[in-house]
Amino acid sequence: MKNKTALIRVPMKVLLCSFSLINVCHAEASTDGRSVYLGLLGGGGSLSSTSIEQTGISFGQNGQANTDVAAQGTSGNTGASIGGAHVGYEFDGWDLGGEESGWALNPAVEIEGYYLGSNPSAYAVNPLATNEHDFSIRMPINAGVFLANTIFSFKTPYSKIIIPYFGGGIGGATLSVKGASSEQLSPAEPGLNHFNTNPNASSSAFAASAKVGLRAEVYNHFSLFAEYRYLFINSSSYTFGSTNGASQGYPNHNVTTPWHVNFGSQNYHMAVAGFEYSF
């Protein structure tokens, strides 16, 4: 009778371990990597406040230089969206603490590209002229971000399904601004976009990212993931068109040079989710 009870207990333990999502039965973690995998991702978050400076020269009616403009401001936090893909290769890993510990670490390399959109705005004040040439600036930014990442995944003795990971990468961003606007608030010139002869501009900048997340291997080669991601894009500069006042109801508006806008470094905090398929 005692032997029969022992025989019942062993299969029951195996059954519970097999069907538990978080496997409480310690087992040796496999160090095998996934090899090639492909992922799609999307999400959203926020762009932290950053500096914006608009510079140029406004000329008087006689063609002589009249006013130097260097309006400076800071954007507020604004929403951001992200969508893209990556392809990677996960290598066979290393046992941590010996083969019986159940802990393993698998490295991977990734190439990643995604779209990033935000719409920062700022109130910029010109300190070179009291109460003159203060602007409300809006810059819709569409960026393509390209990164080379290194990722590390932990395999634990507690679950073969839920895999925590972390990593980061460096690369670059191509930044496109379409439909930018700069309306003068002091003295007020409502309805006049000071970039109206060309409200579009582009730039490029260095980019770096860090991320931490969880991956759930749900079915055969498919897995789902969710992560927090931080993205840094270095400062960038843009050149917009000069102001044509006559085209928007200000026929006597001073002639200006093209406007230069210096945009400070961008810091994004985002929640991202997606799925991967390993080959």
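Residues numbered from 1 in each chain as written. Predicted model: local features only at pLDDT ≥ 70, side-chain atom pairs only at ≥ 80, totals over all residues. Heavy atoms only, no water.

Going by an unreviewed UniProt entry, the chain carries the name Outer membrane protein beta-barrel domain-containing protein and comes from Methyloprofundus sedimenti.

So, the sheet that holds strand β8 (residues 134-138)
Just so we agree on the cut-off: Strands pair, by our definition, only if DSSP identifies at least two bridges between them. Helix and strand definitions here come from DSSP, where helices need a minimum of 4 consecutive H or I residues and strands a minimum of 2 consecutive E residues; each element is numbered from the N-terminal end. To define axes, lines are fitted to C-alpha atoms, for helices over the stretch in contact only, and angles between the resulting N-to-C directions are given on a 0 to 180 degree scale.
Taking strand neighbours across the sheet as the criterion, the 4 strands line up as β7-β8-β11-β12 in an open arrangement whose pairing is antiparallel. Two strands in the sheet have a free side with no partner beyond their single neighbour: β7 (121-124) and β12 (188-193). Neighbour-to-neighbour, the strand axes of the sheet open up by a mean angle of 15°, direction not taken into account. Note: β7 against β8, 4 bridges, orientation antiparallel. Residue pairing in the sheet places tyrosine 123 in a bridge with serine 136 of β8.

Remarks on the pattern of salt bridges
As a reminder, the rule being used: Only one rule defines a salt bridge in this text: a Lys or Arg side-chain nitrogen within 4 Å of an Asp or Glu carboxyl oxygen. Each residue is assigned to one of three classes by its accessible area relative to the maximum for its type, calculated with a 1.4 Å probe on protein chains only: buried under 20%, partly exposed between the two thresholds, exposed over 50%.
In this structure the tally under the stated criterion is 8 salt bridges. Here arginine 34 makes a salt bridge to glutamate 90, at a shortest N to O gap of 3.7 Å. Taken together, the residues span a long stretch of sequence, with arginine 34 in the loop between α1 (2-19) and β1 (35-47) and glutamate 90 in strand β4 (residues 78-90) at a distance of 56 residues. For the residue pair arginine 34 and glutamate 90, the accessibility class agrees, reading buried in each case. A salt bridge links arginine 229 to glutamate 112; the shortest N-O distance between them is 3.0 Å. Of this pair, arginine 229 sits in strand β14 (residues 222-233) while glutamate 112 sits in strand β6 (residues 103-118), and the two are 117 residues apart along the sequence. Using a relative accessible area of 0% as the deciding quantity, one classes arginine 229 as buried. According to the relative accessible area criterion, glutamate 112 is buried, its value standing at 3%. Because the salt bridges share partners, they merge into one network encompassing Arg34, Glu90, Arg215, Glu217 and Glu276.

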